[in-house]
Amino acid sequence: MGWRQGAIANWKKIEADEHFYGFGERTGLLDKLSDRLTNWTTDALDYTSLTDEMYQAIPFFMALRPELGYGIFFNTTFWSQFDIGAEQTGVWKMQSQDKNLDYYIIYGPEPAQILQTYTQLTGRMPMPPRWALGYHQCRWSYASEEEVRQLAQEFRQRQIPCDVIHLDIDYMRGFRVFTWSPQRFPDPKTMVKDLSQNGFKFVTIIDPGVKEETEADYLPFDEGLEHDYFVRTAEGKVFHGYVWPGRAVFPDFLREEVREWWGNQHQDLVDAGIAGIWNDMNEPAMNDRPFGDPGKKIWFPLDAPQGPVDEQTTHAEAHNLYGQMMARACAEGLERLRPTARSFVLTRSGYAGVQRWSAVWTGDNQSLWEYLEMSLPALCNLGLSGVAFVGEDIGGFAGNATAELFARWMQVGMLYPMMRAHSMIASARHEPWVFGDRVEKICREYIELRYRLLPYLYTLFWEAATTGAPILRPLLYHFPNDPKTYNLYDQVLLGPSLMAAPVYRPGVEERLVYLPEGVWYDWWSGEMHQGASHIVTHAPLEKMPLFVRAGAIIPLAPVMQYTDERPMDELRLRVYPGEGEWTLYEDDGRSFEYRIGAWATTTYRVHSSDSETDGSQTVVEIAARQGEWQPQPRQVTVEVIGKGEQQFEDDGSDRRLTF
Ligand code: MIG
């Protein structure tokens, strides 16, 4: 180790065959060997595969080689940096502007164990509302009640499932947070109520910058100023930056009373029926002069005091926590204001542990094939950093998707833990029907597949909530001793069983796929393949190659137009012959009752047995349901691939089926 004024560093050896993952939100490919990675939250607008500082700053990574892996959590919120053999081959380095060197070494040997321990330290996500797993539609902006009603109607008429509509900054009056534009949204409560009859939930954007309003009454500014809630400079002046509403001030979210006050500001939105909040610009992002002028990006002076008086620090230490504490204020506020319903919170910026309060999306990507390609390793590395509920803007934020790009992106988006399409102001719309019939049909099919997979997905969220496991996983997560997976960034596992090998290049209709050890089944045709091997699979625009591991049990729900359209009255289990086990998790999907026992788990097992008379049989065993939650009466169909199906009324008792 070494130190000098204002910096401290530590060096360690890189072993042969070692690879490096996690590091929070990152561009480029999966393995970060030979990279330098800075932890400093930044509005990474226009980022590319070479960009270092991103919206999230999570000073955690894991090192992996066959039979051994370990994690490092660098416990500092100051500016910090990892150098993974870039400066000196065979050596990695961590340095920070902290006075103390404080870090955790987390033993694996496998990624799952590392994450379990890491999330024991930094926390895990709460169960989200089930509707947040549905399809989200966003645009900057759906800017009037009429436009929103039209959009909602379009989804239902075209029978494309959708649960959530996001309202971007133009719903506000002159970009003032916690207001509505009276011209564009004269009666938000009625709009939300009407559309909720049809199953829609609403998420509104909230930025941290509060408009400095010296004349008219504007409570968020007046109250914040009166109670001294805004960040001040070291000289004691209220700090100003320029954001959407013009000259603005910024709450000091590090203080508990400020978080509480901020959380309570969401009351009117909650009264209007808003069920989720989207926190943007919280790196924090701001300019030194009004937007539109050629200003430059700034943030608070590094010596600006922040935090409670008895534990005060400066922005140098608080910077990386700004977005995280804003998301926390929001999540805790919503839980107070909606005490019987789970809410959805989405944040752009965060630090280690952001999963405790919010889902994360990766900011401003572009409508280009390269960004579709990069989305998988980016989301996988976030998952390997403890943040399981993540998504990218489907279709790309900046620019205009082509029909082909959009179709391929919707296929990949089906795998994103948060599935949301978005598009930038003045760019083409990214809705499932804007690219003509062929692409609309593809979008419908993949969104429907998402809804069919909801019981599987919801169980993966439960796993994330209880163990810290990612939902979207790189192959190395399940095959950590297979070096062929170490740089495999363009195939992903959704949970333990379902593997996708998406197409992310124009004009490509054949896809090379690596099948790790074991038997794999083609999701679409049921065809069986023996791994470890490479295969070439046909992938016309209608098809994203999907494979299932032998021994997998995938629970499927009927297609619905939104998650709560009706209780799940039918459940289909797709069973892939082999040895395997799967526990299905269920609860009411919306309240906090699961915390006091209102949940249900059912464990299914599959194995083969050789009987003298019938040859090889597949046996499916269903253990008696556990927990206090009672699902709706339902018909269960067990379908063993290649063997046939059987049905029964699910009364929660144990059974044994042979095929
Ligand atoms: O200065 O609210 O990343 O998703 O649509 C741009 C407008 C501000 C950036 C976000 C983007 C959002 C946009 N915001």
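Just so it is clear, the model here is predicted, and its values are computed rather than measured.

Rules used throughout
- Residues take numbers from 1 onward in each chain, read along the sequence in its written order.
- Residues qualify for local features only when their pLDDT is at least 70, as the model is predicted, and side-chain atom pairs are given and counted only at 80 or more; totals for whole chains, interfaces and linings, by contrast, use all residues.
- Hydrogens are left out, water is left out, and the side-chain values use all remaining heavy atoms of the structure.
- Strands pair, by our definition, only if DSSP identifies at least two bridges between them.
- Every helix listed is a DSSP run of H or I at least four residues long, and every strand listed is a run of E at least two residues long, numbered separately from the N terminus.
- A contact between two residues is defined here by any heavy atoms of the two lying within 4.5 Å.
- All axes here are fitted lines through C-alpha atoms, helices being fitted over the stretch that makes contact, and every angle between N-to-C directions spans 0 to 180 degrees.
- We call a residue near a given molecule or strand whenever any one of its heavy atoms falls within 4 Å of it.
- Throughout this description, a polar contact denotes any pair of N or O atoms lying within 3.5 Å of each other; where both atoms belong to protein, one of them has to be capable of donating a hydrogen while the other can accept it, and for residues adjacent in sequence the pair is counted only when both atoms sit in side chains.
- For every accessible area listed, the method is Shrake-Rupley and the probe measures 1.4 Å; residues are considered covered only by the protein chains on display.
- By the convention adopted, Pro, Cys, Tyr, Trp, Phe, Met, Ile, Leu, Val and Ala count as nonpolar, Lys, Arg, Asp and Glu as charged, and the other residues, Gly among them, as polar.
- Among buried residues, the Ala, Val, Leu, Ile, Met, Phe, Trp, Tyr and Cys ones that are joined through side-chain atoms within 4.5 Å form a nonpolar core.
- Exposure categories follow from relative accessible area, calculated using a 1.4 Å probe and restricted to protein chains: below 20% of the type maximum is buried, above 50% is exposed, and the middle band is partly exposed.
- Start and end positions for the domains come from either an automated domain assignment or a database one.
- Here a salt bridge means any side-chain nitrogen of Lys or Arg lying within 4 Å of a carboxyl oxygen belonging to Asp or Glu.
- In this analysis, the expected span of each helix is defined as 1.5 Å times one less than the number of residues it contains.
- In this scheme Phe, Tyr and Trp rings, the latter by its six-membered ring, pair at centre separations within 6.5 Å, and the angle between planes marks the pair as stacked below 30 degrees, edge-to-face above 60, and tilted otherwise.
- Each angle is binned into one of four classes, with values under 35 degrees roughly parallel, values over 145 roughly antiparallel, values of 65 to 115 roughly perpendicular, and all other values oblique.
- In this charge count, Lys and Arg are treated as positive and Asp and Glu as negative; neither His nor the chain ends contribute.

**Considerations on the sheet that holds strand β17 (residues 276-279)**
Pairing is parallel across the open sheet formed by nine strands, whose spatial order is β25-β24-β22-β17-β13-β12-β11-β27-β26. Every interior strand has two partners, whereas the edge strands, β25 (390-391) and β26 (393-394), have only one. Across the face of the sheet, helix α2 (residues 145-158) comes into contact with β11 (135-137), β12 (164-167) and β13 (201-206) while running at roughly 155° to β12.

**A word on the site of the ligand**
In the vicinity of the ligand there are 13 residues, among which Asp 168, Asp 280, Arg 348, Asp 364 and His 422 approach most closely. Between an oxygen atom of the ligand and a side-chain N or O atom of Asp 364, the distance comes to 2.5 Å. Between an oxygen atom of the ligand and a side-chain N or O atom of His 422, the distance comes to 2.9 Å. Surface burial for the ligand is 94%, taken as the share of its 360 Å² of free accessible area covered by protein chains. Here the residues of the shell around the ligand are counted per class, giving eight nonpolar, one polar and four charged.

**Comments concerning the nonpolar core**
One finds Leu 167, Phe 202, Trp 262, Trp 523 and Val 638 to be the most contacted residues of the largest nonpolar core, which totals 188 residues. Leave out the neighbours within four places in its chain, and Leu 167 touches Tyr 142, Val 148, Trp 180, Phe 185, Met 191, Phe 202, Val 203, Thr 204, Ile 205 and Trp 278.

**Concerning the sheet that holds strand β40 (residues 644-650)**
Spatially, β34-β35-β39-β40 is the arrangement adopted by the four strands of the open sheet, whose pairing is mixed. Each edge of the open sheet carries a strand with a single partner, namely β34 (553-556) and β40. Strand-to-strand twist of the sheet, defined as the mean angle between neighbouring strand axes without regard to direction, takes the value 20°.

**A few points about the environment of Lys 484**
The residue Lys 484 is located in the loop between α13 (475-478) and β29 (492-494) in this model. A relative accessible area of 52% places Lys 484 in the exposed class. For Lys 484 and Ile 205, which are 279 residues apart along the polypeptide, the C-alpha to C-alpha distance reads 42 Å. The contact partners of Lys 484, leaving out residues within four places of it in the chain, are Tyr 514 and His 534.

**Digging into the domain arrangement of the protein**
Taken domain by domain, the protein consists of domain 1 (2-122), domain 2 (130-361), domain 3 (472-549) and domain 4 (567-658). Here domain 2 and domain 3 have C-alpha centroids that lie 39 Å from each other.

**Things to note about the pattern of salt bridges**
Close approach of charged atoms allows side chains with opposite charge to pair. Enumeration according to the criterion identifies 39 salt bridges in this entry. A salt bridge links Arg 26 to Asp 52, with the nearest nitrogen and oxygen atoms 3.1 Å apart. Highlighted residues: Arg 26 in the loop between β3 (19-22) and β4 (36-39) and Asp 52 in the loop between β4 and β5 (56-57), separated in sequence by 26 residues. Take Asp 52: its relative accessible area is 23%, and that puts it in the partly exposed class. One salt bridge connects Asp 194 with Arg 149, and the closest N-O pair in it is separated by 2.9 Å. Of the two residues, Asp 194 sits in helix α3 (residues 188-197) while Arg 149 sits in helix α2, which places them 45 residues apart along the sequence. Exposure remark for Asp 194: the relative accessible area of 33% places this residue in the partly exposed category. Taken together, the shared-partner salt bridges in this structure form one network comprising Asp 43, Asp 280, Glu 283 and Arg 348.

**Some details on α2**
With 14 residues, α2 extends 20 Å between its outermost C-alpha atoms, agreeing within 8% with the 20 Å of an ideal straight helix rising 1.5 Å per residue. Within α2 the residues assigned to the buried category are Glu 145, Val 148, Leu 151, Ala 152, Glu 154, Phe 155 and Arg 156. Structurally, α2 contributes buried residues whose contacts are with β11, β12, α3 and β13. Following α2 by one or two positions, Gln 159 adopts a phi angle in the positive range, close to 55°.

**Comments concerning the packing of aromatic side chains**
Aromatic ring pairs are described here by two measures, namely the spacing of the ring centres and the angle between the planes. Going through the model one piece at a time under the given rule, you end up with 41 aromatic pairs. Residues Phe 23 and Phe 61 carry aromatic rings whose centres are separated by 5.0 Å and whose planes lie at 10° to one another, so their mutual orientation is stacked. With Phe 23 in the loop between β3 and β4 and Phe 61 in strand β6 (residues 60-65), this residue pair connects regions lying 38 residues apart in the sequence. For the pair formed by Phe 23 and Phe 61, the shared burial category is buried. Measuring from ring centre to ring centre gives 6.1 Å for Trp 140 and Phe 397, while their planes differ by 5°; the resulting arrangement is stacked. Of this pair, Trp 140 sits in the loop between β11 and α2 while Phe 397 sits in the loop between β26 and α10 (403-413); the two residues are 257 residues apart in sequence, bridging distant segments of the chain. Neither residue differs from the other here; Trp 140 and Phe 397 are each classed as buried. Through successive ring pairs, a cluster of aromatic residues spans Phe 178, Phe 221, Tyr 229, Phe 230, Phe 239, Phe 250, Phe 253, Trp 261, Trp 262, Phe 300 and Tyr 322.

**Quick notes on the side chain of Ser 427**
Looking at the secondary structure, you find Ser 427 in the loop between β27 (419-421) and α11 (437-452). A polar contact of 2.5 Å, which involves the side chain of Ser 427, links it to the backbone oxygen of Met 424. What Ser 427 contacts, discounting residues up to four positions off in sequence, is Arg 139, Phe 397, Gly 399 and Asn 400.

**Brief notes about unusual backbone geometry**
A cis amide bond links Gly 108 to the next residue, Pro 109, at an omega of 5°. Cis geometry marks the peptide bond from Glu 283 to Pro 284; its omega dihedral reads -5°. Along the chain, the position of Pro 284 falls in the loop between β17 and β18 (286-287). Look at Asp 17: it is not a glycine, yet its phi comes out positive at around 65°. The topology assignment puts Asp 17 in the loop between β2 (7-13) and β3. Phi is positive for Met 281, which is not a glycine, with a value near 60°.

**Considering the packing of α11 against helix α12 (residues 454-467)**
Remark: α11 packs on α12, axes separated minimally by 5 Å, with the N-to-C direction vectors making an angle of 60°. One way to sum up the angle between α11 and α12 is to call them oblique. Touching Arg 450, Tyr 451 and Arg 452 of α11 are Leu 454, Pro 455 and Leu 457, all from α12. Broken down by class, the residue content of the contact of α11 with α12 amounts to four nonpolar, no polar and two charged.

**Describing the side chain of Arg 574**
Summarising the element assignment, Arg 574 is placed in strand β35 (residues 570-575). No salt bridge forms around the buried Arg 574; measuring N to O, its nearest opposite-charge neighbour Glu 639 is 4.1 Å away. Polar contacts involving the side chain of Arg 574 include one to the main-chain carbonyl oxygen of Trp 523, which spans 3.3 Å. With near-sequence residues (within four places) excluded, Arg 574 lies in contact with Arg 452, Trp 523, Ala 552, Ile 553, Ile 554, Leu 556, Glu 639 and Ile 641.

**A word on the pairing of strand β39 (residues 634-640)**
Burial of β39 is extensive: six of the seven residues sit out of reach of the surface. Taking the residues that link successive antiparallel strands as the turn, the β39-β40 hairpin has three residues, and the phi of Gly 642 there is positive, at about 85°.

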